[in-house]
Amino acid sequence: MEVIICPDADEVGRVAAAKVARVCADEERPVLGLATGSSPLAIYAHLAAKVEAGELDLSAVDAFALDEYVGLDRNHPESYASVIARTVTEPLRMDPARVHVPDGAAEDVEAAAEAYERAISEAGGVSVQILGIGTNGHIGFNEPTSSFSSRTRIKTLAERTRLDNQRFFSSLEEVPTHCLTQGLGTIMDARHVLLVAQGAAKADAVAATVEGPVSAVCPASILQHHRRATVVLDEAAASGLRLRGYYQHVYAHKPGWQRFA
Ligand code: F6R
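Conventions and cut-offs
- Residues numbered from 1 in each chain as written.
- Predicted model: local features only at pLDDT ≥ 70, side-chain atom pairs only at ≥ 80, totals over all residues.
- Heavy atoms only, no water.
- Helix = DSSP H or I, 4+ residues; strand = E, 2+ residues; numbered from the N terminus.
- Contact = heavy atoms within 4.5 Å.
- Salt bridge = Lys/Arg side-chain N within 4 Å of Asp/Glu carboxyl O.
- Buried < 20%, exposed > 50% of the residue type's maximum accessible area, 1.4 Å probe, protein only.
- Patch = residues over 30% accessible without salt bridge, like charges linked within 9 Å, V, L, I, M, F, W, Y side chains within 5 Å.
- Areas by Shrake-Rupley, 256 points an atom, 1.4 Å probe, with all protein chains shown as cover.
- Axes fitted to C-alpha atoms, helices over the stretch in contact; angles between N-to-C directions.
- Parallel < 35°, antiparallel > 145°, perpendicular 65-115°, else oblique.
- Left-handed = near helix turned anticlockwise from the far one by under 90°.
- Nonpolar A, V, L, I, M, F, W, Y, C, P; charged D, E, K, R; others polar.

Undergrad: What am I meant to see in the environment of Pro77 here?
TA: Structurally, Pro77 is set in the loop between strand 4 (67-70) and helix 3 (80-89). Through-space distance from the C-alpha of Pro77 to that of Thr181 is 19 Å; in sequence the pair is 104 residues apart. Excluding anything up to four places from it in sequence, Pro77 contacts Ser82, Val83 and Arg86.

Following this line, the structure appears as structure tokens:
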């Protein structure tokens, strides 16, 4: 894993956005993998600035979100369809018809999950998957003990996750109990994975992901098996890493051609 430690959360967004832009420039038909939540917002803000400056054009790029709540109206302001439209599609001037979110309102959720997997592979697979991490080590909504080979499916949210996400709703009761999420196997198929984390609340999950044993108890630890995994952290999120100094040394001595920011 490539671990990059940044002085603050905004720099995390800048460096990660540069990585996304680099992958988009390198691929003929790039496909973006999107995450929701607070972690990727700085990436989207930096990407939007590049679009605004005419340095990046995402208008013909396909994109797939990681997950969606089940049992929440698509038009609810906190449905991931609404969040992605508001934080990604509009500011990055993407084509709404090309930006996909799993259909958590489908009557046949299993068929919707299969259709989502098919759509990703028909688009050519994800070039770069943006990921946040839950305080319990989840990526997407693959909660602890999710199968490493899982595909898009319905999952029950951990109570920890519902409590963490309560801030987006007016009460805990309002937070859905289920979601449709890409599986760990789906995420691992992306050609690059890019995990960002900010803040001390993520330090334990980050340490388990990067330096712990690969174990389904910390689902994100499967990323140790990915060929091109980049983890971009602020100092607080990196504070539990034993090899902090080593990662800083490696990044400072990276050959120019390997740098993306
Ligand atoms: C969101 C997602 C989740 C979040 C994670 C962290 O699409 O898949 O894994 O990335 O829960 O959320 P934040 O960034 O809000 O701390």
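Next comes the rest of the description.
Undergrad: Would you explain the pattern of salt bridges in this entry?
TA: Close approach of charged atoms lets side chains of opposite charge pair. On inspection of all chains with the given rule, the structure shows 13 salt bridges. Of the charged contacts in the structure, one is a salt bridge between Glu27 and Arg191, with a shortest N-O distance of 3.0 Å. Taken together, the residues span a long stretch of sequence, with Glu27 in the loop between helix 1 (9-26) and strand 2 (31-34) and Arg191 in the loop between helix 6 (184-188) and strand 9 (192-197) at a distance of 164 residues. Since its relative accessible area comes to 29%, Arg191 is described here as partly exposed. Each of the salt bridges in this network shares a partner with another, and the network as a whole consists of Arg29, Asp62, Asp95 and Arg98.

Undergrad: So what exactly am I meant to see when it comes to a nonpolar patch on the surface here?
TA: Residues Leu243, Tyr246 and Val250 make up a contiguous nonpolar surface patch of roughly 270 Å² in combined accessible area. Judged by relative accessible area, which is 37%, Leu243 ranks as partly exposed.

Undergrad: Explain the packing of helix 1 against helix 2 (residues 41-52) to me, please; I cannot follow it from the model alone.
TA: Relative placement of two packed helices is described by the angle separating their axes and the distance separating the axes. In the contact formed by helix 1 and helix 2, the axes pass within 7 Å of each other and the chain directions differ by 55 degrees. When the axis of helix 1 is compared with that of helix 2, the two are oblique. At the point where helix 1 passes helix 2, the crossing takes the right-handed sense. Each of Ala9, Asp10, Gly13, Arg14, Ala16, Ala17, Ala18, Val20 and Ala21 in helix 1 lies in contact with helix 2, whose residues at this interface are Ala42, Ile43, His46, Leu47 and Lys50. Split by residue class, the contact of helix 1 with helix 2 holds nine nonpolar, two polar and three charged.

Function cannot be read off these values alone, since they describe shape.
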